[in-house]
Amino acid sequence: MELMKRKNILVLLACLITTISIAQKKEQPIKPFGQEELSESKKEAASYFKMENYRMAKTFYERLVVNDPKDVEFNYRLAVCYLNTNFNRAKAIPLLEYAANANSKDIPKDVLFELGKAYHYGNMFEKAIETFEKYRIAKKGSVDAKSKFDLWVAWSNSAKEMVEKPLAASFINPGKTVNSPTSDYKPVIGSNDSVIYFSSSRKGNTGGLTDDLGDIPADVYFFTQTDSTFTKAKNAGASINTPLYEECLYLNMNGDRMIIYMEGDIQGDLYIADLRGKQWNKAVSMGKEFVTKAYETGACLSPDGLTLYFAAEADGSKTGKDIYKCTRTEQTGWSKPERMGDNINTKEDEDAPNLWLDGKTFFFSSKGWGGMGGYD
């Protein structure tokens, strides 16, 4: 029964990770820009796009496409914005199809590659594979290695096989008592499965700030669940949350020790906090070994608390983000981080290490071990 319960909660957590919308709202018509604001809006859109602030660029290009539906550049750039934001990426398909078939010398050189990605996100894997091949031919076989082209082709082929043999799964959305209209992610649980902590970029977070990309810095929240009943999510408090970013990465089996990624004025590092009664103590640095330039995006402890696993991209790394481990004794501090072997790490990114309760089974996400694309 306990194992089944854990399986059920993991399915629920998958809902949080993917941030399924609470309800499908009817989309409001997008208004075009007026003539007096059109010129300046084009400049702002191009500026955001150049800075790769795709969320803000999207809000401009959606309106610019309404202004001029036949403009190839507007269609292409809006599609790229959809592909690089966590919304409905398949919306890029008709925009890229138009751009790829336009009778214009302004057709973007990588439009077929982007169209292949869009087909992939739309679960049209056969068309994705065909489009990637057209792109390869158009480039005469000379494809920039930085584009990860071969990886995208492998993902589409793998995804095509995987969807032919689906696994049964059900998803439960905890609803508006837990989820917000913005990002809710990185849920963690202890062994009792009843209290779930997660990170959220919702209105009302500590400090009320907004970053350069228009996002609200995340705070740590928690809620409890009994069967299919969920309490209202609550902020974990000022001992953990600050006006900058906090993300919960790990909760121990007892539910009284948490590893947190906390962002400082210059960089972010790993911190740890202990629960005393119903209040969390102030989070403290895990040690000088983790005050680094590396961006640690995932972490967990072994059941005895003496081995730490974490994900980071080391300075000058040629294999992207990898998983490392450190050990300690009851009397000593953490050892120097050691990169785990190639049976776990690949040339692509690895992230989100999670050691199961048995202390032997190791879960992590990877872009390099094959799958449906991105992290699996």
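No experiment lies behind these values; they were computed from the predicted model shown.

K.L.:
Sorry if this is basic, but what is going on with unusual backbone geometry here?
P.N.:
Note: most residues except glycine have negative phi, and most peptide bonds are trans. Unlike most non-glycine residues, N123 shows phi in positive territory, near 65°. Take N123: it is sitting in the loop between α6 (111–121) and α7 (125–138).

K.L.:
For this particular structure, what's the right way to read the packing of aromatic side chains?
P.N.:
Working definition: an aromatic ring pair is given by the centre-to-centre distance plus the angle between the planes. The full count for this structure, using the stated rule, is 22 aromatic pairs. Judged by centre distance (5.7 Å) and plane angle (20°), the rings of F310 and Y324 are stacked. Of this pair, F310 sits in strand β12 (residues 307–312) while Y324 sits in strand β13 (residues 322–327), and the two are 14 residues apart along the sequence. Each member of the pair F310 and Y324 is classed as buried. Feature note: the residues F113, Y121, F132, Y135, F149, W152 and W155 constitute an aromatic cluster, connected by ring pairs. In this structure, K58 packs its charged tip against the face of F87, placed 4.8 Å from the ring centre. Over the aromatic face of W334 sits the side chain of R328, whose NZ or CZ is 5.3 Å from the ring centroid.

K.L.:
Would you take a moment to explain the environment of I240 for this structure?
P.N.:
Take I240: it is sitting in the loop between β5 (234–235) and β6 (246–251). The spacing of I240 and Y221 is 19 residues in sequence and 9.9 Å in space, taken between C-alpha atoms. Excluding residues within four positions of it along the chain, I240 makes contact with V220, E246, M258, I260, M262, A273 and W280.

K.L.:
It is not clear to me how the packing of helix α3 (residues 54–67) against helix α4 (residues 72–83) should be interpreted in this structure. Could you clarify?
P.N.:
Describing two packed helices takes the angle between their axes plus the distance from one axis to the other. Running from N to C, α3 and α4 point in directions that differ by 145°, and their axes come no closer than 9 Å. For the pair α3 and α4, the crossing hand works out as left-handed. Between α3, through Y54, A57, K58, Y61, E62, L64 and V65, and α4, the contact on the second element is made entirely by F74, N75, R77, L78, V80, C81 and Y82.

K.L.:
Is there a simple way to explain the pattern of salt bridges in this structure?
P.N.:
Side chains that carry opposite charge are capable of pairing whenever their charged atoms lie near each other. Overall, the coordinates contain 16 salt bridges when judged by the stated rule. The structure contains a network of salt bridges with shared partners spanning E133, R136 and D150.

Cut-offs used in this document
- For every chain, the first residue of the written sequence is number 1, and numbering continues from 1 onward in sequence order.
- A pLDDT threshold of at least 70 governs which residues receive local features in this predicted model, and a stricter bar of 80 or more applies before side-chain atom pairs are shown or counted, although totals over entire chains, interfaces and linings include all residues.
- For side-chain calculations, the full set of non-hydrogen atoms in the structure is used, while hydrogens and water are omitted.
- Only DSSP runs of H or I covering at least 4 residues are called helices, and only runs of E covering at least 2 are called strands; the numbering of each starts at the N terminus.
- Under the pairing criterion, centres of Phe, Tyr and Trp rings, with the six-membered ring standing for Trp, must be within 6.5 Å; the plane angle then separates stacked pairs below 30 degrees from edge-to-face pairs above 60, leaving the rest tilted.
- For each residue, the accessible area found with a 1.4 Å probe, counting protein chains only, is set against the maximum for its type, and the residue is called buried under 20%, exposed over 50%, and partly exposed in between.
- Criterion for a charge above a ring: Arg CZ or Lys NZ at most 6 Å from the ring centre, at most 35 degrees from the ring normal.
- A contact between two residues is defined here by any heavy atoms of the two lying within 4.5 Å.
- Geometry is summarised by axes, namely lines fitted to C-alpha atoms with helices restricted to the contacting stretch, and by angles between N-to-C directions that run from 0 to 180 degrees.
- Crossing handedness is defined as follows: a turn of the near helix away from the far one that is anticlockwise and smaller than a right angle gives a left-handed crossing, while the clockwise case is right-handed.
- We define a salt bridge as a side-chain nitrogen of Lys or Arg found within 4 Å of a carboxyl oxygen belonging to Asp or Glu.

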